[in-house]
Amino acid sequence: FILYAKAKYWFNNVALPNYLIPRPHQVYVETWHGTPLKRLGNDIQFEVDPRQSLAEMHKKYYIKGRKMDYLISPSRFYSEKMISSFRLDKSHKEDIILETGYPRNDALFKFTDEDVKRIKEEVGVPEDKKVILYTPTWRDNQFKKGEGFQYNTELDFNKLMQQLGDEYVLLFRAHHQIGFKDVANDVPGVIDVTLVDDVNDLYIISDLMITDYSSTMFDYLIYRKPLVLFAPDLAEYEKKRGFYLDYRKMPFPVVEDGTQLAETIRGAAQEWKKHEKEIEDFIYLYTGSCDGNATERILELAGLERQIQ
């Protein structure tokens, strides 16, 4: 509370309590935490969050939007969804959006071979292995009181690694809201990287990503490596939570049956080449402002550079 009261600038990427309100001389810069595939805030139409009612959720997003002085955006698509999910139109704050790209993604344009080697050593990834990064998101319907959201999946880690063989290693990155994360530590070839501080480090050492509905897919695509969507509960998730995009029409292989996952992984690079033009258009549409220089643009457009220095 003392730090919030004293700080000239607030940078935040998720939730603030309603009672924390910037004073007139303070500047609140919201970076959020990912391009939304699943519906957010006021765009959610059904009671999905066991921690709060739909009306409470809508109100929290609206209040948060009213506090912002700047909202960082990587694309026009993102800007449009943030306006609706935070009801920035209702609070007449549509002009707070800066389409500069995500500052956290600048590193994806500037890493070196030495960085890759160092991170692999730190994580424990052998140099001769193909690296798969698995980043499932949390589920609204998998909540346990006192423990938080759970990790229940149809992915059989043992079976998958047996099918893939010794040439692969899988990095498992649990979502921070999941209460119980230790699900695959005893599986040969699987490394739990949930506690690695910077997910960018995991992107740049991986040869392929598996995810479901996580916004990590958009950031990873900047790296231009194959992506596989594993969504065994797609029909249910789509019906109850909803998407901003047609999930099945995105230019990436969608797997709903775990028995097909290993085969899809092996063919992912070839599928990428087959749909490369479509994928490049997709990357431009949803991450178009990301080019490695977002931080400098934010400081300039928000008038912060001189004051911070």
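Residues numbered from 1 in each chain as written. Predicted model: local features only at pLDDT ≥ 70, side-chain atom pairs only at ≥ 80, totals over all residues. Heavy atoms only, no water.

Attention shifts here to the sheet that holds strand β10 (residues 208–211). Read across the sheet, 6 strands follow the order β9-β8-β5-β10-β11-β12 without closing on themselves; strand pairing throughout is parallel. The sheet is open, and its two edges are formed by β9 (190–192) and β12 (254–255), each paired on a single side. As paired elements, strand β11 (residues 227–230) and β12 share 2 bridges and run parallel to each other. In the sheet register, F230 faces β12, and the bridge partner there is V255. Running at roughly 150° to strand β8 (residues 168–172), helix α5 (residues 157–164) makes contact with β5 (130–135), β8 and β9 of the sheet. (Pairing = 2+ DSSP bridges. Helix = DSSP H or I, 4+ residues; strand = E, 2+ residues; numbered from the N terminus. Contact = heavy atoms within 4.5 Å. Axes fitted to C-alpha atoms, helices over the stretch in contact; angles between N-to-C directions.)

Looking now at the packing of aromatic side chains. Overall, the coordinates contain 24 aromatic pairs when judged by the stated rule. Residues Y61 and F86 carry aromatic rings whose centres are separated by 5.0 Å and whose planes lie at 35° to one another, so their mutual orientation is tilted. With Y61 in helix α2 (residues 54–67) and F86 in the loop between α3 (76–85) and β4 (97–99), the pair connects residues that are 25 residues apart, well separated along the chain. The exposure classification of Y61 matches that of F86, with both residues buried. Consider the rings of Y237 and F243, whose centres lie 5.7 Å apart with planes at 20°: the pair is stacked. Owing to a relative accessible area of 8%, F243 belongs among the buried residues under this scheme. For R104, the ring lying beneath its charged end belongs to Y102, and the centroid distance is 4.1 Å. The cationic tip of K225 hangs over the ring face of Y223; the distance from NZ or CZ to the ring centre is 5.9 Å. (Phe/Tyr/Trp six-rings, centres within 6.5 Å; stacked < 30°, edge-to-face > 60°. Buried < 20%, exposed > 50% of the residue type's maximum accessible area, 1.4 Å probe, protein only. Lys NZ or Arg CZ within 6 Å of the ring centre and 35° of its normal.)

Let's shift gears to the sheet that holds β4. Within the open sheet, the 4 strands sit side by side as β1-β2-β3-β4. Their pairing is parallel. The open sheet has two edge strands, β1 (9–12) and β4, and neither has a second partner. Between one strand axis and the next, the sheet turns through 20° on average, direction left out of account. Sheet topology places strand β2 (residues 27–30) next to strand β3 (residues 70–73); 2 bridges connect them, and they run parallel. Note that in β3 the partner of V29 across the bridge is Y70.

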